[in-house]
Amino acid sequence: KKLEEDAKYKIYEIEILKKLSDKMGYSLRPQNIMEVIAQSLPELIDYNCVSYMVPLPEKIIFRTYLKKSLSPRFVKEVKNRMLTSLSVFLKRDFKNAEIEEALWGSVLTEESNESVGSFFDIPLMVSGKIQGLLAVSHAKPDFYKDKEKAVFKKIAEKATEAFAKLQEAVNSENSKLNAMVTSMSDGVVMTDMDNRILVVNP
């Protein structure tokens with residue numbers, strides 16, 4: 001049984017690595033890894049919604065995947081709980097922070113009167129730094145036991161390992177690109193999708 005479980009996680013790790021590779025552009029961002037985990041979680045753990053939160057200097061990114069139709073109140077409660085956790089982990093006050101919010105999956109409905117019965121979140125650590133939070137929520141009370149929490153933690157660890165491997169490969173390619181750009185006679189500037197400068201030559 002243990003060998004089967006280990007094999008299942010090994011396959012999951014390979015899948016995570018492939019999905020991250022598919023999402024990889026010139027650089028990897030914490031959002032990439034969190035999106036991949038959120039999309040692949042149903043294979044290993046049940047939930048009503050899975051969310052991730054990433055603090056950036058100018059705003060907080062909040063994304064939620066709804067497995068079933070839930071009320072706006074349910075999602076707001078999840079968001080507030082995650083903001084509280086993020087404040088504790090990073091020792092910062094995010095009460096007045098700008099939040100960029102997006103939902104996908106099922107639709108929100110006022111007809112649902114369910115509230116958050118079970119909630120579990122974990123910090124995502126990359127290179128020893130907290131890059132964001134991952135959370136699973138369910139309307140049923142006490143739905144997540146120690147086993148589910150251990151599975152969720154293991155998923156995050158496996159995905160982080162895969163992320164680190166890809167980041168190493170990206171950094172290696174970036175070094176080659178930097179060397180090539182530096183030798184060019186024309187001026188070159190490369191930015192990411194958020195207009196942050198990645199490469200600039202003399």
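Structure's up top.
Residues numbered from 1 in each chain as written. Predicted model: local features only at pLDDT ≥ 70, side-chain atom pairs only at ≥ 80, totals over all residues. Heavy atoms only, no water.

A.B. asks: Can you help me understand the overall build of the protein chain in this one?
C.D. replies: Counting its regular elements, the protein chain contains four helices and seven strands. Overall, the protein chain shows an N-to-C arrangement of helices and strands of α-α-β-β-α-β-β-β-α-β-β. Residues counted as buried form 41% of the 202 residues belonging to the protein chain. Within the protein chain, residue pairs in contact and separated by at least 24 positions form 63% of the contacts whose partners lie at least 6 positions apart. Accessible area of the protein chain: about 11600 Å², with a carbon and sulfur share of 52%. (Helix = DSSP H or I, 4+ residues; strand = E, 2+ residues; numbered from the N terminus. Buried < 20%, exposed > 50% of the residue type's maximum accessible area, 1.4 Å probe, protein only. Contact = heavy atoms within 4.5 Å. Areas by Shrake-Rupley, 256 points an atom, 1.4 Å probe, with all protein chains shown as cover.)

A.B. asks: Got a minute to help me understand unusual backbone geometry in this structure?
C.D. replies: With glycine set apart, most residues show a phi of negative sign, and most peptide bonds adopt trans. Backbone geometry at Lys91 places phi at a positive 55°, although glycine is not the residue there. Among the secondary structure elements, Lys91 is positioned in the loop between helix 3 (72-90) and strand 3 (99-105). Using a relative accessible area of 75% as the deciding quantity, one classes Lys91 as exposed. Non-glycine residue Asn195 carries a positive phi angle of around 65°. Along the polypeptide, Asn195 turns up in the loop between strand 6 (189-191) and strand 7 (197-200).

A.B. asks: Explain the pattern of salt bridges to me, please; I cannot follow it from the model alone.
C.D. replies: Taken as a whole and judged by the stated rule, the model has eight salt bridges. The salt bridge partner of Asp192 is Arg196, with a shortest N-O separation of 3.0 Å. The exposure class of Asp192 is buried, given its relative accessible area of 14%. Residues joined by salt bridges that share partners form a network here, namely Lys59, Arg63 and Glu100. (Salt bridge = Lys/Arg side-chain N within 4 Å of Asp/Glu carboxyl O.)

A.B. asks: Hey, could you run me through the sheet that holds strand 5 (residues 129-138) in this one?
C.D. replies: Pairing is mixed across the open sheet formed by five strands, whose spatial order is 3-2-1-5-4. Each of the sheet's edge strands pairs with one partner strand only, and the pair in question is strand 3 and strand 4 (118-126). Each strand axis lies, on average, 15° off the axis of its neighbour in the sheet, ignoring direction. In this structure, strand 2 (residues 60-66) lies alongside strand 3, joined through seven bridges in parallel fashion. Among the inter-strand pairings, Leu66 is bridged to a residue of strand 3, identified as Gly105. (Pairing = 2+ DSSP bridges. Axes fitted to C-alpha atoms, helices over the stretch in contact; angles between N-to-C directions.)

A.B. asks: What's the story with helix 3 in this structure? I'm lost.
C.D. replies: The end-to-end C-alpha separation of helix 3 is 27 Å, in line with the 27 Å expected for 19 residues at 1.5 Å each. On its buried face, helix 3 sits against strand 1 (49-55), strand 2, strand 3, strand 4 and strand 5. A positive phi of about 55° marks Lys91, the residue just after helix 3. (Expected span 1.5 Å × (residues − 1).)

A.B. asks: Which parts of the structure should I look at to understand the packing of aromatic side chains?
C.D. replies: The geometry of two aromatic rings is summed up by the distance between their centres and the angle between their planes. In the structure shown here, the tally under the stated rule is three aromatic pairs. Pairing Phe143 with Tyr144 gives two aromatic rings, centres 5.2 Å apart and planes at 85°, and the pair type is edge-to-face. Exposure remark for Phe143: the relative accessible area of 23% places this residue in the partly exposed category. The class for Tyr144 is buried, based on a relative accessible area of 9%. Clustering of aromatic rings is evident, with ring pairs tying together Tyr47, Tyr65 and Trp104. (Phe/Tyr/Trp six-rings, centres within 6.5 Å; stacked < 30°, edge-to-face > 60°.)

A.B. asks: Which parts of the structure should I look at to understand a nonpolar patch on the surface?
C.D. replies: On the surface, a cluster of nonpolar side chains totalling about 300 Å² of accessible area is made up of Val189, Ile197 and Val200. Counting through the fold element by element, Val200 comes out in strand 7. Val200 gets classed as exposed once you look at its relative accessible area, which sits at 54%. (Patch = residues over 30% accessible without salt bridge, like charges linked within 9 Å, V, L, I, M, F, W, Y side chains within 5 Å.)

A.B. asks: Looking at this structure, I do not really get the nonpolar core. What am I missing?
C.D. replies: The nonpolar side chains of a soluble globular protein tend to be buried, and buried together. Counting 20 residues, the largest nonpolar core has Leu134, Val136 and Phe152 as the members making the most contacts within it. Put simply, the parts of the chain that give this core at least two residues each are helix 2 (30-40), strand 1, strand 4, strand 5 and helix 4 (146-182). Considering each element in turn, this core owes the most residues, four residues, to helix 4. In this structure, Leu66, Phe94, Phe119 and Leu133 belong to the second largest nonpolar core, which totals 18 residues. (Core = buried A, V, L, I, M, F, W, Y, C linked by side-chain atoms within 4.5 Å.)

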